[in-house]
Amino acid sequence: MATALRPPRLPVPEQASSLHRLPKHRVAVTGRRSFAARAGSYPGNVGVPKQWYNLIADLPVKPPPMLHPGTHQPLNPSDLAPLFPDELIRQELTEERFIDIPDEVRDVYELWRPTPLIRAKRLEKLLGTPAKIYYKYEGTSPAGSHKGNTAVPQAWYNAAAGVKNVVTETGAGQWGSALSFASTLFGLNCEVWQVRASYDQKPYRRLMMETWGAKVHPSPSDVTEAGRRLLAADPSSPGSLGMAISEAVEVAATNADTKYCLGSVLNHVLLHQTVIGEECLEQLAAIGDTPDVVIGCTGGGSNFGGLAFPFMREKLAGRMNPQFKAVEPAACPTLTKGVYAYDYGDTAGLTPLMKMHTLGHDFVPDPIHAGLDHCNSCLH
């Protein structure tokens, strides 16, 4: 969400050299107009971005490195190889400012991108505010959320690397649905561990994943060693994303033909989500507005970062001066009540240690809050 009062002063976007182009695995989805074009969404004539933006390139102080879970030493790229294909590892660790979006990924993005920027005139009237309130609507993707922005490139890079199987976790089901959708486009087998409370409460999300060919387990499950230990300690455990991550990471780390996909937290994930903010910048410029405030909800950071990071670039360059407001739920108050420290991203301690705002890697939120993890790494 953004509020805008002043006209913009946007420069011509900087172009950077691309990363190594992977072999083409084209998906036949060209020749269609996006939702925005079909619906005549406001404003028109804004294209799908051609590059992702990496905020790390412009930060005056770089984020602390991830640490190996066993040695607690800074990670080497090879330490991530059991979990991710080479290109995603490069994107995770790069300080390059812009990374080209592969044509095959943009072809799929065009199923729903660019997404509409909508002015909330009725809300403005209700609040009696002189501000203009806009929201960027990301619900037009096939899976129904912004998660497809990173699910599609993650699936494509895995397929291009010859990977056959991908595994992941999901809470409310949006990320699992997005990865299931992306996996079926590129011929990958997809296996999902869904937080048990959400698995029981949201059967239609599970059905959506299964319709796209995914195999879905309630977490904790008896499929993995981590799950069996958790069930032994609490057979009625409602689960958490930390638990589900432990199960998915265990499977990826112990099977050479399987890689892990994550829907938030990591740098390459937030990188992919910046298509949201890049589009929003162009859309606001087309109507002569620039934001005073940029607002986003925060969990693992992909929604907030995807919208805010391109605007942060413009602020760091002195081209605009918005405030940024990160909003989190009281049921999982990592930014406002958490400790800024190195912690694991999962319950079993299998993931790298990251500097984050954390409530503890063994924190289990109330079951109604199953869609959010214990950590918030959008600022890690």
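Residues numbered from 1 in each chain as written. Predicted model: local features only at pLDDT ≥ 70, side-chain atom pairs only at ≥ 80, totals over all residues. Heavy atoms only, no water.

*Asks:* Provide a residue-level description of the overall build of the protein chain, including the pertinent values.
*Replies:* Within the protein chain, the regular secondary structure consists of 14 helices and 14 strands. Evaluated residue by residue, the protein chain yields a buried proportion of 57% over its 380 residues. For the protein chain, contacts bridging at least 24 residues in sequence account for 76% of all contacts bridging at least 6. Accessible area for the protein chain stands at about 15,900 Å²; split by element, carbon and sulfur atoms hold 55% of it. (Helix = DSSP H or I, 4+ residues; strand = E, 2+ residues; numbered from the N terminus. Buried < 20%, exposed > 50% of the residue type's maximum accessible area, 1.4 Å probe, protein only. Contact = heavy atoms within 4.5 Å. Areas by Shrake-Rupley, 256 points an atom, 1.4 Å probe, with all protein chains shown as cover.)

*Asks:* Lay out helix H5 (residues 148-160) in plain terms, naming residues and giving numbers.
*Replies:* A rise of 1.5 Å per residue sets the reference length of H5, with its 13 residues, at 18 Å; its end C-alpha atoms lie 18 Å apart and thus fit the reference within 8%. Extensive coverage of H5 is indicated by the burial of 13 of its 13 residues. Positive phi appears at Gly-162, one or two residues downstream of H5, with a value of about 85°. (Expected span 1.5 Å × (residues − 1).)

*Asks:* So, the packing of helix H12 (residues 275-286) against helix H13 (residues 302-316): which residues are in play, and what are the values?
*Replies:* Two numbers describe how H12 lies on H13: the axes approach to 6 Å, and their chain directions differ by 60°. Overall, the two elements H12 and H13 adopt an arrangement that is oblique. With respect to the hand of their crossing, H12 and H13 are arranged in right-handed fashion. Packed against H12, whose contacting residues are Ile-276, Gly-277, Glu-278, Cys-280, Leu-281 and Leu-284, the element H13 presents Gly-306, Leu-307, Pro-310, Phe-311, Arg-313 and Glu-314 at the interface. (Axes fitted to C-alpha atoms, helices over the stretch in contact; angles between N-to-C directions. Parallel < 35°, antiparallel > 145°, perpendicular 65-115°, else oblique. Left-handed = near helix turned anticlockwise from the far one by under 90°.)

*Asks:* Can you break down the sheet that holds strand E8 (residues 215-219) residue by residue, with the values?
*Replies:* Sheet strands associate in pairs through backbone hydrogen bonding, adopting either a parallel or an antiparallel arrangement. Ordered by their spatial adjacency, four strands build an open sheet running E8-E7-E6-E9, and the pairing between neighbours is parallel. Each edge of the open sheet is held by one strand with a lone partner, namely E8 and strand E9 (258-260). Neighbour-to-neighbour, the strand axes of this sheet turn through a mean angle of 25°, independent of strand direction. Where strand E7 (residues 189-195) lies against E8, five bridges are found, and the strand directions are parallel. Across the sheet, the residue bridging to Trp-193 is His-217, located in E8. Along the sheet, helix H10 (residues 241-253) contacts strand E6 (165-170), E7, E8 and E9; its crossing angle with E6, the most-contacted strand, is approximately 170°. (Pairing = 2+ DSSP bridges.)

*Asks:* Any chance you could break down the nonpolar core for me, citing the residues and the numbers?
*Replies:* Core analysis: the biggest nonpolar cluster contains 73 residues, and Trp-52, Phe-84, Tyr-109, Val-152, Tyr-260, Leu-266 and Phe-311 have the highest contact counts within it. Summarising the domain contributions, this core has at least three residues from each of domain 1 (84-105 + 144-260) and domain 2 (118-143 + 267-377). Those residues in contact with Phe-311 that lie beyond four places of it in its chain are Gly-277, Cys-280, Leu-281, Leu-284, Pro-291, Val-294, Met-320 and Phe-324. (Core = buried A, V, L, I, M, F, W, Y, C linked by side-chain atoms within 4.5 Å. Domains from an automatic or database assignment.)

*Asks:* Would you mind going over the environment of Ala-161 in detail, with residue names and values included?
*Replies:* Tracing the backbone through its elements, the reader meets Ala-161 in the loop between H5 and E6. For Ala-161 and Pro-85, which are 76 residues apart along the polypeptide, the C-alpha to C-alpha distance reads 6.5 Å.

*Asks:* Requested: an account of helix H6 (residues 174-185), with residues and values cited.
*Replies:* Counted at 1.5 Å a residue, the expected span for H6 with its 12 residues is 16 Å, and the 17 Å between its end C-alpha atoms agrees. Burial analysis of H6 places nine of its 12 residues in the buried class, the great majority of the element. Burial in H6 covers these residues: Trp-175, Gly-176, Ser-177, Ala-178, Leu-179, Ser-180, Phe-181, Ala-182 and Ser-183. Positioned one or two residues after H6, Gly-187 has a phi angle of 75°, which is positive.

*Asks:* Residues and numbers for the packing of aromatic side chains, please.
*Replies:* In this structure the tally under the stated criterion is six aromatic pairs. Seen in terms of ring centroids, Tyr-53 and Phe-98 are 5.7 Å apart; in terms of plane orientation they differ by 50°. Their pairing is tilted. Pair noted here: Tyr-53 is in strand E2 (residues 51-53) and Phe-98 is in strand E3 (residues 98-100), with a separation of 45 residues, a long-range link. Of the residues examined, Tyr-53 reaches a relative accessible area of 0% and is grouped as buried. What makes Phe-98 buried here is its relative accessible area of 6%. Site record: aromatic cluster; members linked through ring pairs are Tyr-109, Trp-112, Phe-181 and Trp-212. Looking at Arg-206, its charged tip hangs above the ring of Tyr-199, at a distance of 4.4 Å from the centre. (Phe/Tyr/Trp six-rings, centres within 6.5 Å; stacked < 30°, edge-to-face > 60°. Lys NZ or Arg CZ within 6 Å of the ring centre and 35° of its normal.)

*Asks:* Give me the pairing of strand E10 (residues 290-297): which residues, what numbers.
*Replies:* Among the eight residues that make up E10, six are buried, leaving the element largely enclosed by the rest of the structure. Here E10 pairs with strand E11 (residues 323-327) via five bridges, running parallel. By the bridge assignment for E11, Val-294 is matched with Phe-324. Handedness of the crossover joining E10 and E11 through H13: right-handed. (Right-handed = clockwise from strand over helix to strand, strands pointing away.)

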